[in-house]
Amino acid sequence: KAGVTQTPRYLIKTRGQQVTLSCSPISGHRSVSWYQQTPGQGLQFLFEYFSETQRNKGNFPGRFSGRQFSNSRSEMNVSTLELGDSALYLCASSLGGLSNSLSTDTQYFGPGTRLTVL
Amino acid sequence: LAKTTQPISMDSYEGQEVNITCSHNNIATNDYITWYQQFPSQGPRFIIQGYKTKVTNEVASLFIPADRKSSTLSLPRVSLSDTAVYYCLVWSGAGSYQLTFGKGTKLSVIP
């Protein structure tokens, strides 16, 4: 079974621009979560989508947004980029609570998108 | 969300067994304990997850005492490729998909 894929893998933008990142979950997974990882703050939760609805949201400004499509693929958008947005953006997918056994509902991460803002 | 505490770093020689202990004093009844491994500039890789007692898979073992206030990840016979950051997390399963990562333990395997 193919793992979580993220595109693009690397991205360079300038301040003020906007960017869209894409995540394709493992087949059959309905939940997609997004995380930002920086050397200073570590891994921080952005938001989680399930069945095209945002179910959980972290403490990030409104410049960070996302959406999920009917095939469970998800996109994350960052508008008006700032230097501090340079980070590794990770998405993770899971069944989302559809399993009868919660202990098996593990989140699997993709390789990430490295965003550099100049 | 239960907070976890684990050593910042550990060193080990190749071929040795490594045990990384994580403290989670405020773990809730519904929480599971999960460990991830992360290499630089890659996404975290799921290693093992458990609720109580002992869980073993082809990669590692997870020991959880009866009070569940701590857990120990055991990596048998580590190799240089096991050099990575290891994260211990607790999460409450369905309905709560926000994983809270601490700083993790940087394991360095020495030849």
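Here, the structure is the one placed above.
Since the structure is predicted, the reported quantities are computational estimates derived from the model, not experimental observations.

Engineer: For this particular structure, what's the right way to read the layout of surface pockets?
Structural biologist: Empty pockets left among the atoms are what a rolling probe the size of a water molecule brings to light. In this structure, the largest pocket spans a volume of roughly 610 Å³. Taken together, 28 residues line the largest pocket, and the ones lying closest to its centre are A:Gln37, A:Thr38, A:Gly42, A:Leu43 and B:Tyr87. Broken down by secondary-structure element, the contributors of at least two residues to the lining of the largest pocket are strand 4 (31–38) and strand 5 (42–50) of chain A together with strand 8 (84–91) of chain B. Considering each element in turn, the lining of the largest pocket owes the most residues, four residues, to strand 5 of chain A. Here the lining of the largest pocket is built from residues that sort into twelve nonpolar, 13 polar and three charged.

Engineer: So what exactly am I meant to see when it comes to the sheet that holds strand 6 (residues 61–64) of chain B here?
Structural biologist: The strands that make up a sheet pair up through hydrogen bonds in the backbone, lying either parallel or antiparallel. Residues and elements named next belong to chain B. The antiparallel open sheet is built from four strands, whose spatial order is 2-7-6-5. Taken across any chain shown, the strands that pair with only one partner, and hence form the sheet edges, are strand 2 (18–23) and strand 5 (53–56). Direction aside, the axes of adjacent strands within the sheet are offset by 15° on average. Strand direction decides the pairing type here: strand 6 and strand 7 (residues 70–75), joined by three bridges, are antiparallel. When the sheet's bridge partners are listed, Ser 61 is paired in strand 7 with Ser 74.

Thresholds applied
- Residues numbered from 1 in each chain as written.
- Chains lettered and ligands numbered in written order.
- Predicted model: local features only at pLDDT ≥ 70, side-chain atom pairs only at ≥ 80, totals over all residues.
- Heavy atoms only, no water.
- 1 Å grid on protein atoms, 1.4 Å probe; cavity = no way out; pocket = protein on both sides within 12 Å on 5 of 7 lines; lining within 4 Å.
- Points joined across faces, edges and corners; volume = space filled by probe spheres on them.
- Helix = DSSP H or I, 4+ residues; strand = E, 2+ residues; numbered from the N terminus.
- Nonpolar A, V, L, I, M, F, W, Y, C, P; charged D, E, K, R; others polar.
- Pairing = 2+ DSSP bridges.
- Axes fitted to C-alpha atoms, helices over the stretch in contact; angles between N-to-C directions.

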